[in-house]
Amino acid sequence: MAVWDDLVGQERVEEQLAAAARDADALVTAQAAGEPVPEASKMTHAWLFTGPPGAGRDTAARAFAAALQCVSPDRALGGAPGCGFCDGCHTALIGTHADVEVVRTDLLSIGVKETRDLVRRAQLSPAGRRWQVIVLEDADRLTEGAANVLLKAIEEPAPRTVWLLCAPSLEDVLPTIRSRCRHLTLRTPSVAAVEDVLVRRDGVEPERAHFAAAATQGHIDRARRLASDERARARRSVVLKLPLRVGDVGGGLRAAQELIDAAAEDAKQVAEEVDVKETEELKAALGAAQGGRMPRGTAGAMKELEERQKRRRTRTQRDSLDLALTDLTGFYRDVLALQMRAATALANEDVRDAIERIAEDSTPERTLRRIEAVLACRGALDRNVAPLLAVEAMTMALRD
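A brief structural summary. (Residues numbered from 1 in each chain as written. Predicted model: local features only at pLDDT ≥ 70, side-chain atom pairs only at ≥ 80, totals over all residues. Heavy atoms only, no water.)

## Section: the overall build of the protein
Rules: A run of H or I in DSSP becomes a helix once it reaches four residues, and a run of E becomes a strand once it reaches two; helices and strands are each numbered from the N terminus. We compute the radius of gyration from the C-alpha atoms alone; for a globule the expected value is 2.2 Å times N to the 0.38, where N is the number of residues. For the exposure calls, accessible area comes from a 1.4 Å probe over protein chains only, and a residue counts as buried if that area is under 20% of its type's maximum, exposed if over 50%, partly exposed in between. The contact criterion used is simple: two residues touch if any of their non-hydrogen atoms lie within 4.5 Å. Here, Shrake-Rupley sampling with a 1.4 Å probe gives the accessible areas, and only protein chains in the shown set may cover a residue.
Scanning the protein from N- to C-terminus turns up 15 helices and five strands. The globule rule puts the C-alpha radius of gyration for 400 residues at 21 Å, and the 24 Å found for the protein is close to it. Dimensions of the protein, computed from C-alpha atoms along their principal axes, come out at roughly 75 × 65 × 40 Å. Every one of the 400 residues in the protein was classed for burial, and the buried ones make up 46%. Put simply, of all contacts in the protein between residues at least 6 apart along the chain, 70% involve residues at least 24 apart. Carbon and sulfur atoms make up 51% of the accessible area of the protein, which amounts to about 20,400 Å² in all.

Shown next, in the form of structure tokens:
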């Protein structure tokens, strides 16, 4: 299994990364043998992966990181780096390679302190004598100060250090940073490609795989979750009933509150799974006796952890809301497709009756306004508007 096998529907990007990995391997091999370094190379020290949610930005970055660390003996016989089986590929893919740092955040932003730690890490020489790779999966969440810290590191790169940045679009990254990166754009995989992966790699039944791939419109991670998680399917079902419930003010307000409550429940479940473990581990590290009081001087560390956990719950709630709004947008997209008699398959075939009912009772103009209302709600949440107010405003607009 090559490292590229999880990169779904991105043949052009895979080809470019594979070529860069071959040139990177040739450079390392030449330097190790004391030979002249090849002049023409597709390898560079900073890369920017952009694309819509579900396109596989982080998957592409991790696969490239693994290919850069490949130590397969087949390379000496002309084999391409990125075999997926050698120690370098395997440890990079599972997150234990000493020279690959994968940074993802469950908070709302990445601050200056965390970025400075990354920059210091980037200055180190690779322990394995190949490449020091920093994968920043949420480059769009860098604060302005953090982005400026990163810019300095990219402007003056350390030898054998590679930065792999991931963001939804070019506009989510400072112009000064993106101008110093090689840019790769990923596209949304086709429904057929996602369906094939779910059946072939994940063992999902073909009928359920088709349902999940179509419902998520090519978002591979969401498709996996929808195919395997009964709670995800139940929550989606509730969201797709919302358009039928906003006919009056009371129904719209109740629907808004239920969306907020469901998102809060998701955040609570994550907290129950993670927060208790984190708290107990920190207490043990600070020397607290089993069931006893905390040592003096440790209150600050505990308060910092509590603040982090609070920010994570906020991020989880917003992510859950955003997922619900994405499903709602897909519903109205199907309504518009019926109204315009478009020759395209419905994403939500399982609720065709509801889609046809809404399509018959409204016009394409009203449907477009409803889609705009959902998008406006997502924008309001990004601007830190109180979630309940944003969702209530949306449900009221959906009545028009």
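## Some points on the pairing of strand β4 (residues 161-167)
Rules: When DSSP finds two or more bridges between a pair of strands, those strands are recorded as paired. The path from the first strand over the helix to the second decides the hand: if it runs clockwise while the strands point away from the viewer, the crossover is right-handed.
Buried residues dominate β4, accounting for seven of its seven residues. On β4, burial covers both faces: Thr161, Trp163, Leu165 and Ala167 on one face and Val162, Leu164 and Cys166 on the other are all buried. Sheet topology note: the strand β1 (residues 46-50)/β4 ladder contains five bridges and is parallel. Paired with Phe49 across the strands is Cys166, a residue of β4. Pairing geometry for strand β3 (residues 132-136) and β4, over five bridges, is parallel. For Leu136, the partnering residue across the bridge sits in β4 and is Leu165. For the crossover from β3 across helix α5 (residues 144-155) to β4, the handedness is right-handed.

## With respect to helix α9 (residues 220-228)
This is how it is decided: Each direction from the helix axis to a C-beta atom contributes to the arc, which is the arc of those directions.
Of all the positions in α9, only Ile220, Arg222, Ala223, Leu226 and Ala227 are classed as buried. Buried residues of α9, seen end-on, are gathered within an arc of 160° and therefore sit on one face of the element.

## Some thoughts on helix α13 (residues 352-361)
Turning to α13, its buried residues number three or more, namely Ala354, Ile355, Ile358 and Ala359. End-on, the buried residues of α13 take up no more than an arc of 135°, which puts them together on one face. Set apart from the buried face of α13 by more than 90 degrees, the exposed residues are Asp353, Glu360 and Asp361. Looking at the buried side of α13, the elements it contacts are α12 (299-339) and α14 (364-382).

## Focus on the nonpolar core
Counted only if it meets this: As used in this record, nonpolar core signifies buried Ala, Val, Leu, Ile, Met, Phe, Trp, Tyr and Cys residues forming a set joined through side-chain atoms within 4.5 Å.
The biggest cluster of nonpolar side chains holds 37 residues, and the ones touching the most others in it are Leu17, Met43, Trp47, Phe49, Phe64, Trp131 and Leu164. Counting only elements with at least two residues in this core, the list comes to α1 (11-32), β1, α2 (57-68), α3 (87-94), β3 and β4. Apart from the residues within four sequence positions on either side, Leu17 is in contact with Trp4, Trp47, Phe49, Ala60, Phe64 and Leu184.

## Looking at the sheet that holds β4
The line we're drawing: What counts as an axis is a line fitted to C-alpha atoms, over the stretch in contact for a helix, and the angles between N-to-C directions run from 0 to 180 degrees.
Strand order in this open sheet of five strands is β2-β3-β4-β1-β5, and the pairing throughout is parallel. With partners counted over all chains shown, the strands left at the sheet margins are β2 (100-103) and β5 (182-185), one partner each. Across the sheet, the mean angle from the axis of one strand to that of its neighbour is 15°, orientation sign disregarded. Bridge count between β2 and β3: four bridges; the pairing is parallel. Residue Glu101 lies in a different strand from β3, and its bridge partner there is Ile134. Across the sheet, α5 is in contact with β1, β3 and β4; its angle to β4 comes to roughly 140°.

## Observations concerning the pattern of salt bridges
Applicable threshold: In the sections that follow, a salt bridge refers to a side-chain nitrogen of Lys or Arg positioned within 4 Å of a carboxyl oxygen of Asp or Glu.
Evaluation of the coordinates by the stated rule reveals 25 salt bridges. With a shortest N-O distance of 2.3 Å, Asp117 and Arg120 are connected by a salt bridge. Here Asp117 pairs with Arg120, and both are found in helix α4 (residues 112-122), just three residues apart, close to one helical turn. Residue classification places Asp117 among the partly exposed positions, given a relative accessible area of 35%. A salt bridge links Arg352 to Glu356; the shortest N-O distance between them is 3.3 Å. Of this pair, Arg352 and Glu356 both sit in helix α13, four residues apart, which is roughly one turn of that helix. Taking the relative accessible area as the measure of exposure, Arg352 reaches 29% and is therefore partly exposed.

## Structural notes on unusual backbone geometry
One non-glycine residue with positive phi stands out, namely Arg160, at about 65°. By secondary structure assignment, the location of Arg160 is in the loop between α5 and β4. Here the phi dihedral of Asn384 falls at roughly 70°; this positive angle occurs in a residue that is not glycine. Looking at the secondary structure, you find Asn384 in the loop between α14 and α15 (387-397).

## A look at the packing of aromatic side chains
Here is the rule we go by: What counts as a ring pair is set by centres within 6.5 Å for rings of Phe, Tyr and Trp (its six-membered ring), and what kind of pair is set by the plane angle: stacked under 30 degrees, edge-to-face over 60, tilted for all other angles.
Evaluation of the coordinates by the stated rule reveals two aromatic pairs. Measuring from centroid to centroid gives 5.0 Å for Trp47 and Phe64, while their planes differ by 70°, and the two rings are edge-to-face. Highlighted residues: Trp47 in strand β1 and Phe64 in helix α2, separated in sequence by 17 residues. A single burial state applies to Trp47 and to Phe64, both of which are buried.

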